[in-house]
2 protein chains.
Amino acid sequence: MPKRTSHEDSACPVARPLDLLGDGWTLLIVRDAFDGLRRFGQFQKSLGLAKNILSTRLANLVAHGVFELAPAADGSPYQEYVLTEKGRALFPVVTALRQWGERYSFADGEPRARLVVRADGAPIAPVEVRATDGRVLGPDDTAVLLP
Amino acid sequence: MPKRTSHEDSACPVARPLDLLGDGWTLLIVRDAFDGLRRFGQFQKSLGLAKNILSTRLANLVAHGVFELAPAADGSPYQEYVLTEKGRALFPVVTALRQWGERYSFADGEPRARLVVRADGAPIAPVEVRATDGRVLGPDDTAVLLP
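Values in this document were obtained by computation on a predicted structure and should not be read as measured data.

Colleague: Hey, could you run me through the interface of chain B and chain A in this one?
Modeller: Reports often express the size of an interface as the amount of accessible area lost when the parts come together. Contacts between chain B and chain A engage 78 residues on the former and 78 residues on the latter. Each partner contributes to the roughly 7300 Å² buried at the junction of chain B and chain A, and carbon and sulfur atoms together form 69% of this total. Connecting chain B to chain A are 6 salt bridges. A salt bridge links D140 of chain B to R88 of chain A; the shortest N-O distance between them is 3.3 Å. If you look at where chain B meets chain A, you find 28 residue pairs in polar contact (both at pLDDT 80 or more). When contributions to the side of chain B that touches chain A are tallied by element, the ones reaching two or more residues are α1 (18-21), α2 (26-34), α4 (51-63), α5 (85-88), α6 (91-104), β3 (114-117) and β4 (142-145) of chain B. No other element matches the 13 residues that α6 of chain B contributes to the side of chain B that touches chain A.

Pasting the structure below:
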C-alpha cells in the first residue's frame, strides 16, 4: 500500500474527510450503525473484521466525534457506540454511495440488500444534487471556487 | 496497513463500490475530473500523487468503467481521461461528502473551496435522502431489507 498522505491542510472539503473515511471499512461501520448496530461484537460479526483493526477504526471514529460511547441501553456492562449528529450527517453520503453501488456494482436481478422507507417499505428516491430552487444539477452545472 | 479484503461478494451496495472507491485518493481523482481535469499531468499536479500510484488508480478506474480514454480534444498526442456516465453518476456521492466536509472538517470562517452553481454563483442545496414523495428521510426513517 502507498504511504497515506494527510489531506488535513487541503482547502477542499472533499479531501479532508477522506483522512477519516477514505478506507474500505469506515463507511461500513457507519452503515452498520445506521442499521442499528451499537456494540463492538455486533460490528465485528457484521464486518468479519479483525478485532484490532475494528478497535482502531472505532477509536478513531470516537476521536473524530462520529461516534460517542454510551452505557448499554439494557443495563449490561457493555459500552455502546452511538452515532453523534456528525455521524448521522453521513446518511446522505452512505445512501448516495449505496445507490451508485445498486446501479453499477450488481448485475440485473442479482440479489442485494435494499434500503426502504421503514414505515411502508417504499423505495428511496435517487439522491440528487440540487440548487436551492430545487433544480437538479449535474457536474457541468457547477463550478468550484478556490479560496 | 491491514490487508484489504474484497467486498465483491457482499450483498450490500454500500460495500461493493468501496473496493474501487474506498481509499484516500480515488474520489479526489473523480472530483478533479468534475472540475474539468482530463490529463495525467493535470491530475498529477493537482493531487501531488506519485506517478506510479496515480497511474495504477487511473488504470483501475478505466478498467471499472468510471473513466474512458479519449484522444486529446486539441489534437495533441496526449490521451485524456473522460468520465463515463458511470463516473458522472458519482456526483451526488462526491457532493454529499463535500458538504459533510464543509460542515465538519473546517473551522468557522476557515478558507475552503466552494461548489456553486456555474451560471450564477449561487450555493448548492444540502444533498438529502428523500422518499419518492419528496419527504426528507433520516436514518431512523429507513430500514435495510436483506436479500
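Here the narrative resumes, following the displayed structure.
Colleague: For this particular structure, what's the right way to read the packing of helix α3 (residues 40-47) of chain A against helix α4 (residues 51-63) of chain A?
Modeller: The axes of two packed helices give the description: the angle between them and the distance between them. Residues and elements named next belong to chain A. Between α3 and α4, whose axes approach to 10 Å, the crossing angle comes to 120 degrees. Taken as axis vectors, α3 and α4 run oblique relative to one another. Here α3 and α4 pass one another in a crossing that is right-handed. For the pair α3 and α4, contact is made by F40, F43, Q44 and L47 and by K51, L54, S55 and L58, respectively. Of the residues assigned to the contact of α3 with α4, the class counts are 5 nonpolar, 2 polar and 1 charged.

Colleague: Looking at this structure, I do not really get the environment of H64 of chain B. What am I missing?
Modeller: Residue and element names in this part refer to chain B. Note that H64 resides in the loop between α4 and β1 (67-71). Looking at H64, the relative accessible area reads 38%, which means it is partly exposed. If we ignore the near neighbours within four places in the chain, the residues touching H64 are L20 and K86.

Colleague: Help me out: how do you make sense of the side chain of T95 of chain A in this one?
Modeller: You can see T95 of chain A is positioned in helix α6 (residues 91-104). A relative accessible area of 1% places T95 of chain A in the buried class. The residues touching T95 of chain A, leaving out its near neighbours within four places in the chain, are L115 and V127 of chain A together with V129 of chain B.

Colleague: Help me understand the nonpolar core, please; the structure alone is not making it clear to me.
Modeller: As a rule of thumb, nonpolar side chains are buried together in soluble globular proteins. Ranked by internal contacts, the top residues of the largest apolar core, which has 78 residues, are F43, V66 and F67 of chain A together with F43, V66 and F67 of chain B. Those residues in contact with F67 of chain A that lie beyond four places of it in its chain are I29, V30, A33, F43, L58, L61, V62, Y81, V82, L83 and T84 of chain A.

Rules behind the numbers
Residues numbered from 1 in each chain as written. Chains lettered and ligands numbered in written order. Predicted model: local features only at pLDDT ≥ 70, side-chain atom pairs only at ≥ 80, totals over all residues. Heavy atoms only, no water. Contact = heavy atoms within 4.5 Å. Buried area = accessible area lost by both parts, 1.4 Å probe. Salt bridge = Lys/Arg side-chain N within 4 Å of Asp/Glu carboxyl O. Polar contact = N/O pair within 3.5 Å; in protein donor to acceptor, adjacent residues only side chain to side chain. Helix = DSSP H or I, 4+ residues; strand = E, 2+ residues; numbered from the N terminus. Axes fitted to C-alpha atoms, helices over the stretch in contact; angles between N-to-C directions. Parallel < 35°, antiparallel > 145°, perpendicular 65-115°, else oblique. Left-handed = near helix turned anticlockwise from the far one by under 90°. Nonpolar A, V, L, I, M, F, W, Y, C, P; charged D, E, K, R; others polar. Buried < 20%, exposed > 50% of the residue type's maximum accessible area, 1.4 Å probe, protein only. Core = buried A, V, L, I, M, F, W, Y, C linked by side-chain atoms within 4.5 Å.

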